[in-house]
Amino acid sequence: MTWEAFYLCCFLIGFALSLLSLLSGATHLHLPGGLHAPHAPIAKGSPNGLHSPLNFGTIAAFLAWFGGTGYLLTRYSNVWALLALTVALISGLGGAAAVFWFLVKVLLKHEKDLDPADYDMVGVLGKVSSTVRPGGTGEMIFSQHGVRRCAGIRSENGEAIPRGIEVVVTRYEKGVAYVRRWEELNK
């Protein structure tokens, strides 16, 4: 196998993997049986330190840039094979670094881990938007992480709660928030 053929194979494999990644992401395809690639060491500069520079996208970019640059240098110039290999390696690393930088600094810039405690309903303050009849259900509107939400509610003690009253969630079971009036708890 010649250097030219080696570089062309690397380019075609890298390009095919990039195309596969694009198409599988756009159509939400998954590997059969829940297979996934092994995890690599994490990057220190990534948000939350959770993203590895050695991932599918960077490997595909490396192969495409390495193979493309090496192919062009061996096919259309008269440089030494060792110099072409060095330039192709630098080009491949640059392409992989560009993909990783874009991933971490642009796509995942505002990502953070979800904390279940942030979404705990107990203690949430809201306003009744649909009257709670005695022993019945109603609805409340509340704000959580800057987003306006609503939830089905029942009175903790079974009494009626009119629309517009502020309530606090005391427990949350099976999708229903049990509430008490804010003024009762604020005494």
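My aim in this report is to walk through the structure given alongside it, one point at a time.

1. Some details on a nonpolar patch on the surface
Here is step 1: On the surface, a nonpolar cluster with roughly 630 Å² of combined accessible area is contributed by Leu8, Phe11, Leu12, Phe15, Leu19, Leu22 and Leu23.
Here is step 2: Within the element layout of this structure, Leu19 appears in helix H1 (residues 3-27).

2. A word on the sheet that holds strand E2 (residues 137-144)
Here is step 1: With mixed pairing, 5 strands are arranged side by side around a closed barrel as E1-E2-E3-E5-E4. Each neighbouring strand pair of the sheet contributes to a mean axis angle of 55°, computed without reference to strand direction.
Here is step 2: Across 3 bridges, the pairing between strand E1 (residues 125-130) and strand E4 (residues 166-173) is antiparallel. Residue Leu125 lies in a different strand from E4, and its bridge partner there is Val168.

3. A look at the pairing of E4
Here is step 1: When E4 meets strand E5 (residues 176-181), the two strands line up antiparallel, connected through 6 bridges. Following the sheet pairing, Val169 is matched in E5 by Val179.
Here is step 2: The antiparallel pairing of E4 with E5 creates a hairpin that spans 2 residues between the two strands, and Lys174 there sits at a positive phi of about 50°.

4. Describing the packing of aromatic side chains
Here is step 1: Under the counting rule described, the total for this entry stands at 7 aromatic pairs.
Here is step 2: Here the aromatic rings of Phe6 and Phe66 are separated by 6.0 Å at their centres, their planes lie at 80°, and the arrangement is edge-to-face. One end of the pair, Phe6, is in helix H1; the other, Phe66, is in helix H2 (residues 56-76), with 60 residues separating them in the sequence.
Here is step 3: Taking the relative accessible area as the measure of exposure, Phe66 reaches 5% and is therefore buried.
Here is step 4: Here the aromatic residues Trp3, Phe6, Tyr7, Phe62 and Phe66 are joined through ring pairs into a cluster of three or more.
Here is step 5: Across from the ring centre of Tyr178, 3.9 Å away, lies the NZ or CZ of Arg171, which sits over that ring.

5. With respect to the layout of surface pockets
Here is step 1: Of the pockets and cavities examined, the second largest pocket occupies roughly 300 Å³.
Here is step 2: Looking at the second largest pocket, the residues that line it are Leu17, Ser18, Ser21, Asn55, Phe56, Gly57, Ala60, Ala61, Val99 and Leu103.
Here is step 3: Contributing elements (two or more residues each) for the lining of the second largest pocket: H1, H2 and helix H3 (81-107).
Here is step 4: Examining the composition of the lining of the second largest pocket, we find that 4 residues originate from one element, H2, more than from any other.
Here is step 5: The residue inventory of the lining of the second largest pocket, partitioned by class, reads 6 nonpolar, 4 polar and no charged.

Conventions adopted
Residues numbered from 1 in each chain as written. Predicted model: local features only at pLDDT ≥ 70, side-chain atom pairs only at ≥ 80, totals over all residues. Heavy atoms only, no water. Patch = residues over 30% accessible without salt bridge, like charges linked within 9 Å, V, L, I, M, F, W, Y side chains within 5 Å. Areas by Shrake-Rupley, 256 points an atom, 1.4 Å probe, with all protein chains shown as cover. Salt bridge = Lys/Arg side-chain N within 4 Å of Asp/Glu carboxyl O. Helix = DSSP H or I, 4+ residues; strand = E, 2+ residues; numbered from the N terminus. Pairing = 2+ DSSP bridges. Axes fitted to C-alpha atoms, helices over the stretch in contact; angles between N-to-C directions. Phe/Tyr/Trp six-rings, centres within 6.5 Å; stacked < 30°, edge-to-face > 60°. Buried < 20%, exposed > 50% of the residue type's maximum accessible area, 1.4 Å probe, protein only. Lys NZ or Arg CZ within 6 Å of the ring centre and 35° of its normal. 1 Å grid on protein atoms, 1.4 Å probe; cavity = no way out; pocket = protein on both sides within 12 Å on 5 of 7 lines; lining within 4 Å. Points joined across faces, edges and corners; volume = space filled by probe spheres on them. Nonpolar A, V, L, I, M, F, W, Y, C, P; charged D, E, K, R; others polar.

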